[in-house]
Amino acid sequence: MSQTHAQRPLTTLQKNTKKMVTVRLKNEVEYRGMMDNVDNYMNLIMTNAEEVQGSKVVGKYGRVIVRGNNVLFIKLENEL
Amino acid sequence: MSQTHAQRPLTTLQKNTKKMVTVRLKNEVEYRGMMDNVDNYMNLIMTNAEEVQGSKVVGKYGRVIVRGNNVLFIKLENEL
Amino acid sequence: MSQTHAQRPLTTLQKNTKKMVTVRLKNEVEYRGMMDNVDNYMNLIMTNAEEVQGSKVVGKYGRVIVRGNNVLFIKLENEL
Amino acid sequence: MSQTHAQRPLTTLQKNTKKMVTVRLKNEVEYRGMMDNVDNYMNLIMTNAEEVQGSKVVGKYGRVIVRGNNVLFIKLENEL
Amino acid sequence: MSQTHAQRPLTTLQKNTKKMVTVRLKNEVEYRGMMDNVDNYMNLIMTNAEEVQGSKVVGKYGRVIVRGNNVLFIKLENEL
Amino acid sequence: MSQTHAQRPLTTLQKNTKKMVTVRLKNEVEYRGMMDNVDNYMNLIMTNAEEVQGSKVVGKYGRVIVRGNNVLFIKLENEL
Amino acid sequence: MSQTHAQRPLTTLQKNTKKMVTVRLKNEVEYRGMMDNVDNYMNLIMTNAEEVQGSKVVGKYGRVIVRGNNVLFIKLENEL
């Protein structure tokens, strides 16, 4: 419960660019990959992303820009 | 019915960071964990969160940022 | 049809904090309890709330913050 | 087609407070009662309202605040 | 293709108040009647309106205020 | 790939008023006709429009104002 | 992980006009073609686009303007 945990959500997102994330969208599809960048609307660029439906990888993406309003949550993968 | 109860909803949320909450999203899935931080749009960071569908834990999250527009409600767990 | 009835809806809500309300959300679930506070977006804090689906109580909440955009209506219980 | 008919919709609503209306919400449920007040977002207070589903009265409300974004239309009852 | 056709959509709406229109809402129900007034959000007042579902008239309205965000389109009836 | 192609989407729309377009709405219905005018919200006026569901023409419209938030896309017909 | 990767999502989109993209909309339909231009709302112009449902091409578009609020994601095709 250090001070570094007290950042606002959007600040935390910014500090985690270039790290692995899983993004779940409102349509329940997930994208796993490197979060290249993100803005305050949660628009984000992912690189080397895999699209996962249930437990199956159904697509691969070199670079993809996700529109923020579709985001349900962003899981930081390096912290479980 | 003390004065401390008269805070606006967003102020109350801010005062309850670092406490256990259950967040229900519009898709009826719930996340239980520590509310690390929250902003006025109800974007929130949760740590050590469990995803619960019905009564089953279906996922575990080290740190996850939930987009506020998906939030149905946030239950403060230490107050029932 | 007194003057006190001529308040704008959000003013009326503010004057009814600390009173019993039933809040129906867009997903047709209702929450009955004390409206601890409310803001102009209709974000609200409820205390000692019961979640009601149909006529069954399906949950109890010590303190819960409901996000305003999900609200269908708020019924003032002490006035029927 | 008098001049008094040329008011903007929100002005017309304001001039019809304290009159009987039927409000239909997006979920197709209707509320009939006295429109105690209304604001420009179409948040409205109704008193002595009946909830009608199809042709059945399924609830009665002493005073209820409806969130404007759920409103489909407001019918002025004293003008058919 | 005269100059008078080059008006912006909202200006065209304003110039057609007091004329017959058919308004289709997002729930696929249509209202036919006189467009008494309209604002830039497409909130509109209709008088002597008929509610039409499929090809059946299912309701009559002396005066009704439709919330603009529900509008799919407004057909100008005197111009086919 | 001339310079004239480098216009922003809304500028391109403005330059194509008085031309034939097909507009698909979110409910999957299409309207084919002359785009009389359009604003930056994508509210648009169409004249001599046909409503097409699947491959069937199901309606004809002398002049219709479509609310922009319902638009999925606008296809410029003179450019295939 | 060069500096050029650190652009914000909307800047990255701007830098990729005149390149091949696949745009998936919220209704799960995809459009593959050249992204002629795009604005900060993610309104975009595509040229020589194919509409793909599942794995079938179901339409061809000379030039089409897609309304940004419908966009789920934009995949940059030249980078897998």
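Here's a quick rundown of the structure.

Conventions used here
- Sequence order as written defines residue numbering, which begins from 1 separately in each chain.
- By the order in which they are written, chains take letters starting at A while ligands take numbers starting at 1.
- Residue-level local features of this predicted model are given only where pLDDT is at least 70; pairs of side-chain atoms are given and counted only at 80 or more, and the full residue set underlies all totals for whole chains, interfaces and linings.
- Processing note: side-chain calculations cover all non-hydrogen atoms of the structure and skip hydrogens and water entirely.
- Using only the protein atoms, space was sampled on a 1 Å grid; points where a 1.4 Å probe fits but cannot get out form cavities, open sets with protein on both sides within 12 Å along at least five of seven lines form pockets, and lining residues are those with an atom within 4 Å of a point.
- Grid points are joined across faces, edges and corners, and a volume is the space filled by probe spheres set on the points.
- Basically, the charged four are Asp, Glu, Lys and Arg, the nonpolar ten are Ala, Val, Leu, Ile, Met, Phe, Trp, Tyr, Cys and Pro, and anything else, Gly included, counts as polar.
- Numbered from the N terminus, helices here are DSSP runs of H or I no shorter than four residues, and strands are runs of E no shorter than two.
- Buried residues are those whose accessible area, probed at 1.4 Å on protein chains only, stays under 20% of the maximum for their type, while exposed residues exceed 50% and partly exposed ones sit between those limits.
- Here, any two strands with at least 2 DSSP bridges between them count as paired.
- Just to be clear on terms, a salt bridge is a Lys or Arg side-chain nitrogen sitting within 4 Å of an Asp or Glu carboxyl oxygen.

Here we take up the layout of surface pockets. Regions of empty space are outlined by a rolling probe, equal in size to a water molecule, passed over the atoms. There is about 1,100 Å³ of room inside the largest pocket. Lys26(E), Lys26(F), Asn69(F), Lys26(G) and Asn69(G) are, among the 33 residues lining the largest pocket, the residues nearest its centre. Of the residues belonging to the lining of the largest pocket, the class tally is eight nonpolar, eleven polar and 14 charged. Considering only enclosed or pocket space, the second largest pocket measures out at about 150 Å³ in volume. If you go around the second largest pocket, the residues you meet are Thr22(A), Arg24(A), Glu30(A), Arg32(A), Lys75(A), Glu77(A), Glu51(B), Gln53(B), Val58(B), Gly59(B) and Tyr61(B). Secondary-structure elements contributing two or more residues to the lining of the second largest pocket are β1 (19-25) and β2 (30-38) of chain A together with β3 (44-53) and β4 (56-66) of chain B. Top element by residues in the lining of the second largest pocket is β4(B). It accounts for three residues. Broken down by class, the residue content of the lining of the second largest pocket amounts to two nonpolar, three polar and six charged.

Residues and elements named next belong to chain B. Across the seven residues that make up strand β1 (residues 19-25), a large majority, five, are buried. Here β1 folds back onto strand β2 (residues 30-38) in antiparallel fashion, the turn holding four residues, of which Glu28 has a positive phi close to 75 degrees. When β1 meets strand β5 (residues 71-76), the two strands line up antiparallel, connected through five bridges. Directly across from Val23, in β5, lies its bridge partner Ile74.

In this section: the pattern of salt bridges. Tallying each qualifying case throughout the model produces 31 salt bridges over all chains. We note a salt bridge from Glu30(C) to Arg24(C), for which the minimum N-O separation is 2.8 Å. The pair formed by Glu30(C) and Arg24(C) is uniform in burial state, with each residue classed as buried. One salt-bridge network, in which partners are shared between bridges, spans Arg24(A), Glu30(A) and Glu51(B).

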